[in-house]
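Here are the chains, one letter per residue:
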Amino acid sequence: MLAYIIRRIVQSVLVMLAVALVSFALFRYVGDPIYAMVGQETSLEDRAALRDSLGLNDPFVVQFARFVGNAVQGEFGISYRLQQPVMELILSRLPATLELALISGMAAFVFGVAAGVYTALRRRGALSTAIMTVSLIGVSLPTFLIGVLLIWVFAVELQWLPSFGRGDTVTLPWGWETGFLTQSGRASLILPAITLGLYQMTLIMRLVRAEMLEVLRTDYIKFARARGLSNRAVHFGHALKNTMVPVITITGLQLGSIIAFAIITETVFQWPGVGALFINSVRVVDVPVMSAYLVLIALIFVVINLIVDLLYYAVDPRLRVERGGVRH
Amino acid sequence: MTKPLLSVRDLVVEFPTRRGTLRALDGVSFDIAPGEVLGMVGESGAGKSITGAAIIGLIEPPGRIASGEVWLGDTRIDQLSPEAMRRVRGRRIGMVFQDPLTSLNPLYTIARQLTETIRTHMDASEGEARARAIALLDRVGIPAAARRIDDYPHHFSGGMRQRVVIALALAAEPELVIADEPTTALDVSVQAQIIDVLKEICAERGASVMLITHDMGVIAETADRVAVLYAGRMAEIGPVRDVILQPRHPYTAGLMGSIPTLEHAADRLVQIPGAMPRLDAIPAGCAFNPRCTQVMDRCLRDRPALRPVAPHHASACWLVDDKGAHHG
Ligand SMILES: Nc1ncnc2c1ncn2[C@@H]1O[C@H](COP(=O)(O)OP(=O)(O)OP(=O)(O)O)[C@@H](O)[C@H]1O
Ligand code: SF4
Ligand SMILES: [Mg+2]
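All values reported here derive from a predicted model rather than from experimental measurement. (Residues numbered from 1 in each chain as written. Chains lettered and ligands numbered in written order. Predicted model: local features only at pLDDT ≥ 70, side-chain atom pairs only at ≥ 80, totals over all residues. Heavy atoms only, no water.)

Our next topic: the overall build of chain B. Scanning chain B from terminus to terminus reveals twelve helices and twelve strands. Since a compact globule built from 328 residues should have a radius of gyration of about 20 Å, the 20 Å found for chain B is in line with a globular shape. By its C-alpha atoms, chain B is 65 × 45 × 40 Å across when sized along the principal axes. Here chain B holds 328 residues, and the buried ones make up 56% of them. Of the contacts formed within chain B by residues at least 6 apart in sequence, a portion of 62% connects residues at least 24 apart. Total accessible area on chain B stands at roughly 13,700 Å², and carbon and sulfur atoms take up 53% of it. In chain B, 36 side chains carry a positive charge and 39 a negative one; their mean positions are 4 Å apart. (Helix = DSSP H or I, 4+ residues; strand = E, 2+ residues; numbered from the N terminus. Rg over C-alpha atoms; globule rule 2.2 N^0.38 Å. Buried < 20%, exposed > 50% of the residue type's maximum accessible area, 1.4 Å probe, protein only. Contact = heavy atoms within 4.5 Å. Areas by Shrake-Rupley, 256 points an atom, 1.4 Å probe, with all protein chains shown as cover. Lys, Arg positive; Asp, Glu negative; His and termini not counted. Charge placed at Lys NZ, Arg CZ, Asp CG, Glu CD.)

Following this line, the structure appears as structure tokens:
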């Protein structure tokens, strides 16, 4: 178990180093950091001196090591556009993105699993067919279109929900600004959360349905029925748990992509999160923000991956080797 | 013969398909007496497993029992409500499937699967169920049952898992056990032990057994009577000794080889030239006529009924005349 965790952590570190390399290449070679830092009137000599003093003439390996060292300390330099430390910018916007991703991820999981199980058990029912048809729309419509449609119906026509922003927020300890505690904050969350989670929900639903149908065909389900267990015990005790083993992995990874895909939703709803920050930075080639965002997203992916693997381990006893494999 | 425990009358099982309805069983009738072991043999696809599935009411839709009756004691069970039939499964009829590696839910301990089965059918506390489960495991020959009960299926070898499966099938003390090729998936070295365990426990509880197998040796040693199935029809049924030594149906004769003795029967079924017809291409008259060496005109026209040839011995072949004499 311990060896397994250590191996997974080492793998994660390697992945992060690879991402750091890409991020560094972006930082160092896309655009000229000097150009962005100084004004038009700075002379060539001054630029060269600055280049030297910033270590931009050092060997590649040295520069990369410095970049990684800084990154580990959360040091990604100053935003060209906003003239603030990048890390400060990101941290101030991270709560908005995380709250949005958390709510839409949870909703996608709960509704996705419920709908998947339902459509698998009532394969030929009218409601199942309806759900499957609607879900096809869910996967085929682009996210921004869903967002715009929702805004049009619920914000413009019905005027039930706000169409942009986070509403009022409350600042918690460590500067975490939450929208959960106010009425307008919660209302503002609904449309973006649906927009962001719909696609993932559809994916989870289809995955759960396919897995569940697969599991329902297995011998141990037949044997469970042959033992006279109730449908409830067979479906929710035996089948669902086996269905969840692969679903956990995919769902965990989905959470990572929810955070990554938040870019589009945040743009549509003017949600003040890191995704919107990233898009605004891309427009003006604000390289430090871009490379920091890249590293951050990769870090979130890697951490989620690690947690998913450990969860997998907890659910599936076959992976727990500490008891010594097959005994006779 | 005493009043049968199980009585199957003219059972017809059909599978509607796009290209017409397939008859997997066509007029199968047989009885099993209390405490009796009935062997069931026949080539792959003959309908052995479907017979078992029909009896416990687990034919996969759209397959269905089209006509016929299944009686268990004084109860007609082929028309019970799903809930009433569920209470028969496990409680009155136990089932052992072919592959012990896939019959057990990999995510639950043996203890959980056993106590769940016991408590579904019997009024027992968790503690009582566990004590019963340990006694059962001990009885089927799991060493250190009290400790092993908390292991997962993957901790057991194939032979041990099949013992667990037998314990599960017998957990609620059924009157009839249907064992569908219980040793086919096992190592040759443990096959005999598994059959012995099954036979002994059923004998000591007075339970009847329907033993589906390809192994004539097992039939010879274990069964009281044997039924031979061909293309969904009963070809011959009778006491093991008579059927092996004096087969009254050319198909059975072919299966047993040319000079059968009880010792010789330990071999696997002999290959007969030709193949069993597919369900959508069963010839008119006797289903065996394309492969039969003694085929007559009549065999191509009329289907032979199962008729007595000797006490307790019946055959469906025109070579047997109405008085039961055999012109072979
Ligand atoms: N779901 C189904 N749909 C259509 N036909 C089926 C279905 N299940 C079984 N059959 C057909 O019913 C026939 C009998 O199958 P069954 O499984 O009972 O054979 P068997 O005698 O147990 O063979 P084996 O020795 O291979 O286990 C086969 O011809 C099979 O093709
Ligand atoms: S009925 Fe005719 S074809 Fe069929 S087994 Fe008997 S002799 Fe052969
Ligand atoms: Mg079979």
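When helices and strands are counted, chain A shows twelve helices and two strands. Written out in order from the N terminus, the α and β elements of chain A read α-α-α-α-α-α-α-β-β-α-α-α-α-α. Looking at chain A as a whole, 43% of its 328 residues qualify as buried. Averaging the locations of the 26 positively and 20 negatively charged side chains of chain A gives two centres separated by 20 Å.

Summed over all chains, the structure comprises two cavities of 30 Å³ or more. Taken as a whole, the largest cavity spans an internal volume of roughly 60 Å³. In terms of lining residues, the largest cavity is bounded by H249, P250, C286, F288, N289, C292, Q294, C299, C317, W318 and L319 of chain B. In terms of residue class, the lining of the largest cavity is made up of eight nonpolar, three polar and no charged. Considering only enclosed or pocket space, the second largest cavity measures out at about 30 Å³ in volume. Around the second largest cavity sit E99, R166, G179, F180, G185, L189 and W271 of chain A, which together line it. Considered class by class, the residues forming the lining of the second largest cavity number three nonpolar, two polar and two charged. (1 Å grid on protein atoms, 1.4 Å probe; cavity = no way out; pocket = protein on both sides within 12 Å on 5 of 7 lines; lining within 4 Å. Points joined across faces, edges and corners; volume = space filled by probe spheres on them. Nonpolar A, V, L, I, M, F, W, Y, C, P; charged D, E, K, R; others polar.)

A few words now on the site of ligand 1. Residues and elements named next belong to chain B. In the region of ligand 1, 13 residues are neighbours, and S44, G45, K48, S49 and I50 sit closest. G45 places a main-chain nitrogen or oxygen 2.8 Å from an oxygen atom of ligand 1. At 3.3 Å, a side-chain N or O of E181 approaches an oxygen atom of ligand 1. For ligand 1, whose free accessible area comes to 630 Å², the fraction covered by protein is 66%. If one sorts the elements of the shell around ligand 1 by residue count, helix α1 (residues 48-55) sits on top with three residues. In terms of residue class, the shell around ligand 1 is built from five nonpolar, five polar and three charged. (Near = heavy atom within 4 Å. Polar contact = N/O pair within 3.5 Å; in protein donor to acceptor, adjacent residues only side chain to side chain.)

Turning our attention to the pattern of salt bridges. Residue and element names in this part refer to chain B. Counted according to the given criterion, the structure contains 28 salt bridges over all chains. The closest approach of N and O atoms between R9 and D31, which form a salt bridge, is 2.5 Å. Here D31 lies in strand β2 (residues 20-32) and R9 lies in strand β1 (residues 6-17), a separation of 22 residues in the sequence. Overall, D31 belongs to the buried group, its relative accessible area being 18%. Between R76 and E69 there is a salt bridge; the shortest N-O distance is 3.7 Å. We classify E69 as partly exposed; its relative accessible area is 28%. Linked through salt bridges whose partners overlap, the residues forming this network are E14, R23, D26, R64, R233 and R303. (Salt bridge = Lys/Arg side-chain N within 4 Å of Asp/Glu carboxyl O.)

Residues and elements named next belong to chain A. Contact pair helix α7 (residues 143-157) / helix α10 (residues 231-268): the axes reach a minimum separation of 9 Å and the direction vectors enclose 30°. Overall, the two elements α7 and α10 adopt an arrangement that is roughly parallel. Judged by the sense of rotation from one axis to the other, the crossing of α7 with α10 is right-handed. Contact with α7, carried on its side by T143, F144, G147, V148 and I151, involves I264, T265 and V268 of α10 and no other residues of that element. (Axes fitted to C-alpha atoms, helices over the stretch in contact; angles between N-to-C directions. Parallel < 35°, antiparallel > 145°, perpendicular 65-115°, else oblique. Left-handed = near helix turned anticlockwise from the far one by under 90°.)

Residues and elements named next belong to chain B. As summarised here, the arrangement of the four strands in space is β2-β1-β4-β5, forming an open sheet in which the pairing is antiparallel. Lying at the two open borders of the sheet, with one neighbouring strand each, are β2 and β5 (75-76). When β1 meets strand β4 (residues 64-72), the two strands line up antiparallel, connected through seven bridges. Paired with S7 across the strands is W71, a residue of β4. Against the sheet, α1 engages β1, β2 and β4, with an angle of about 110° to β1. (Pairing = 2+ DSSP bridges.)

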